[in-house]
Amino acid sequence: MFVLDEVAHHWFEQIGWYRGRILENPSLRGSGFFILGIKRGYVMKLTGAQILCEALKSVGVDCIFGHPGGAILPFYDALTEHTDIRHVLTRHEQSAAHAAEGYARATDKVGVCVATSGPGATNLITGLAAAKMDSVPIVAITGQVPRSVMGKEAFQECDTTGIAKPVTKRCYLVLRPEDIESVVHEAFYVAKSGRPGPVLIDIPKDVQAQLTEVDLGSSEPSLVEREYYGSTEALEQAAQLIAQAKQPLILAGHGVLLSQARTELMEIAEKLNIPVINTLHGSGIMPYEHPLHIGMLGMHGLYWCNLAVQQADLILGVGLRFDDRITGRPGTFAPNAKIIHVEIEHTQVSKNVVADVPLYGDAKETLTRLISYVKPKKHTTWIKQIASLRENHPSLDIPVTSELLPQYVLSRINSRIAQQDKQSIVITGVGQHQMWAAQYLNTPERFISSGGLGVMGFEIPAALGAQIGRPDSIVWSIAGDGGIQMTLQEFATLKQENIPVKIALFNNGYLGMVRQWQELFYEKRYSAVPVDSPDYVLLAKAYGFPAIRVTTEQEVDPALEQAESSSGPFLIDFVVRSEENVYPMVPPGSSLAETLEDPRLIPSAAG
């Protein structure tokens, strides 16, 4: 093992060539004295920032999203020597966190975001909270003020780890450069293992700049090992309940995708002939055309799905939290059903819905074991019953109006996605457009949305992250005119990086979902919901990429074709009916059995 002596260190420090470059000191030519560069397994003196870059490379990081500032400058300086790590300059730190989430969810890798101390770090918090609730692996790296002034209200100082602790899986404050490599490896392990989530690493500026002797490669990344906790007894109990059930359902959530358990889910559904309903984050778990896939449940789930849940005598819930948006009023969810809950995190079981049989563990491994315990069944009568519900309650029919409807636009996008050779990814913001997209876009390879925290403005930065992670996919950003104004500064990032995201903007002049609630539950007293917008076509062109406005059904398909043929970002401003409501809808405080239908689609109303 080669160790540089003190004289060499002195020279490197004096001439500023301790960055791992292969450079020769001109004054020493002929002496054979030059820097050999960083080599793994060799003890060398490096700065904390250099160690951080090397550690990120060792865990496979190829792209990070961030915004520089004073306390993180040593890292950005070291990053100049690592051209194999792409840095994407977002215009706001919150966007960096959302972009990291979009990247992670599109690639199944860990997303990485970077910010400076103080406001840079606090701006990440919304994105970290969103990733925590939606179980997305992110590692956030923040600069901190030097150790000598910590706790003294120095410029741009804040207790970053204290603030971030409630919205992350784990936080690290690294006070020695020698610890950076091992902390990075552990952070990536924590982010990806168990129920995935965000991790934050806070590093003071002087720790980043400090030289230390390090043996790179001595701290190897930990392999993510999924653990199985389900007992044989629990599996036998679950199999017995399944055998007794006459009207069973499978509810599939995000955990199925996180554990890559699509194949196992489909295998058990087909073996038992059980219909599958997905949550918002479970969109895309089964092919839409599969006869056992019947759609999404919840507050804006399909009518027949909500009623089927209320009539079921068994629910096999896989990788979901049974949150309030899918259960309705507490105590009313699936009143006649036994509950089997497959979940990797113990704290989620029986928190919202009491499980008769909990199966703790990874969804893929749990379903693999459960398959061997169950016997094939037919549920012909039950499946016919669901088909009847579907026929009598046409939730996805599009009302006929003289104005352009979001439902029509999304149905056309869905048709085009289904015909594409390329895999497509859809990213949504939060609000009415999000729910319509979940209802009508059933053909994308990935459907990515901010579900748990429900962050308006998620759609543009998450889409740019997803597109960078999956450059060969067509990425659609489905946006509302309220949410897009929260992060539209990322138009500049789209243009600068030439990221070919296609933006479908639904422009109705309102904060649509809030307006809908005020119409239905506050006697149409519209308070603070009309929202003025810029001319989005001119705005996109000001940022340097093309855009088009669409106001009629006849213009929709040509506009979609134009967007898809564009080599860079493209925006379509769909001017849609201003007071269109999302149906079906479960009113707040109601059960799934009290789901409201679109009055225009009820036969008696039409008559």
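Conventions adopted
- Residues numbered from 1 in each chain as written.
- Predicted model: local features only at pLDDT ≥ 70, side-chain atom pairs only at ≥ 80, totals over all residues.
- Heavy atoms only, no water.
- Helix = DSSP H or I, 4+ residues; strand = E, 2+ residues; numbered from the N terminus.
- Buried < 20%, exposed > 50% of the residue type's maximum accessible area, 1.4 Å probe, protein only.
- Areas by Shrake-Rupley, 256 points an atom, 1.4 Å probe, with all protein chains shown as cover.
- Phe/Tyr/Trp six-rings, centres within 6.5 Å; stacked < 30°, edge-to-face > 60°.
- Pairing = 2+ DSSP bridges.
- Axes fitted to C-alpha atoms, helices over the stretch in contact; angles between N-to-C directions.
- Contact = heavy atoms within 4.5 Å.
- Parallel < 35°, antiparallel > 145°, perpendicular 65-115°, else oblique.
- Left-handed = near helix turned anticlockwise from the far one by under 90°.
- Arc of directions from axis to C-beta.
- Expected span 1.5 Å × (residues − 1).
- Bend = angle between axes of the 7 residues up to and from the residue.

Engineer: Describe the overall build of the protein, with residues and values.
Structural biologist: Each helix and strand counted, the protein has 24 helices and 20 strands in total. Within the span of the protein, comprising 607 residues, buried residues form 56% of the whole. As displayed, the protein has an accessible area near 24400 Å², and 51% of this comes from carbon and sulfur atoms.

Engineer: An account of the packing of aromatic side chains is requested, with residue identities and associated values reported.
Structural biologist: This structure, assessed with the given rule, holds 8 aromatic pairs. Residues Phe491 and Tyr543 carry aromatic rings whose centres are separated by 5.6 Å and whose planes lie at 85 degrees to one another, so their mutual orientation is edge-to-face. Here the residue Phe491 occupies a position in helix 20 (residues 491-496), and Tyr543 occupies one in helix 22 (residues 536-543), the gap between them amounting to 52 residues. Considering the side-chain rings of Phe491 and Phe545, the 5.4 Å spacing of their centres and the 75 degrees angle between planes classify their relative orientation as edge-to-face.

Engineer: So, the sheet that holds strand 5 (residues 138-144): which residues are in play, and what are the values?
Structural biologist: Strand order in this open sheet of 6 strands is 3-2-4-5-7-6, and the pairing throughout is parallel. Since the sheet does not close on itself, it has two edges, and those belong to strand 3 (86-89) and strand 6 (170-173), each with one partner. With strand direction ignored, the average angle separating the axes of adjacent strands in the sheet is 20 degrees. Where strand 4 (residues 111-115) and strand 5 come together, 5 bridges link them in parallel fashion. Residue pairing in the sheet places Val114 in a bridge with Ile141 of strand 5. This element, helix 4 (residues 93-107), spans strand 2 (63-66), strand 4 and strand 5 of the sheet and lies at about 170 degrees to strand 4. On top of the sheet, helix 18 (residues 459-469) reaches strand 2 and strand 3; it is set at about 165 degrees to strand 2, its chief contact.

Engineer: Talk me through the packing of helix 16 (residues 406-419) against helix 17 (residues 432-440); I want residue IDs and the actual numbers.
Structural biologist: Between helix 16 and helix 17, the least distance of the axes is 9 Å, while the angle of their chain directions is 45 degrees. As judged from the angle between their axes, helix 16 and helix 17 are oblique. In the packing of helix 16 onto helix 17, the handedness of the crossing is right-handed. Residue-level inspection shows Pro406, Gln407, Leu410, Ser411 and Asn414 of helix 16 in contact with helix 17, the latter providing His433, Trp436, Ala437 and Tyr440.

Engineer: Explain unusual backbone geometry to me, and be specific about the residues and the numbers.
Structural biologist: The residue after Tyr583, namely Pro584, is reached through a cis peptide bond having omega -5 degrees. Within the secondary structure, Pro584 sits in the loop between strand 20 (570-575) and helix 24 (603-606). With phi around 55 degrees, Gln260 is a residue other than glycine that occupies positive phi space. For Gln260, the location among the structural elements is in the loop between helix 10 (254-258) and helix 11 (262-272).

Engineer: How would you explain helix 23 (residues 556-565) if you had to name every residue and give the values?
Structural biologist: Inspection of helix 23 places Val556, Ala559, Leu560, Ala563 and Glu564 among the buried residues, and these make up the whole buried set. Axial view of helix 23: buried residues confined to an arc of 130 degrees, hence all on one face.

Engineer: Tell me about the sheet that holds strand 17 (residues 474-480), and name the residues and values.
Structural biologist: Taken in spatial order, the 6 strands make up an open sheet running 16-15-17-18-20-19, and their pairing is parallel. Each having just a single partner strand, strand 16 (446-449) and strand 19 (547-550) make up the two edges of the open sheet. Pairwise comparison of adjacent strand axes, ignoring direction, gives a mean angle of 20 degrees for this sheet. Sheet topology places strand 15 (residues 424-428) next to strand 17; 5 bridges connect them, and they run parallel. The residue of strand 17 that forms the bridge with Val426 is Trp476. Where helix 4 meets the sheet, its contacts fall on strand 15 and strand 16, and the angle it forms with strand 16 comes to roughly 155 degrees.

Engineer: Any details on helix 5 (residues 119-133)? Residues and values, ideally.
Structural biologist: Relative to the 21 Å expected for 15 residues at 1.5 Å per residue, helix 5 spans 22 Å between its end C-alpha atoms, a close match to the ideal helical length. At Thr126, helix 5 is deflected by roughly 30 degrees, the largest bend along its length. Turning to helix 5, its buried residues are Gly120, Ala121, Leu124, Ile125, Gly127, Leu128, Ala129, Ala130 and Ala131. Check the buried side of helix 5 and you find it contacts helix 4, strand 4, strand 5, helix 6 (160-164) and strand 7 (198-204). Once helix 5 ends, the next one or two residues include Ser135, with phi positive near 60 degrees.

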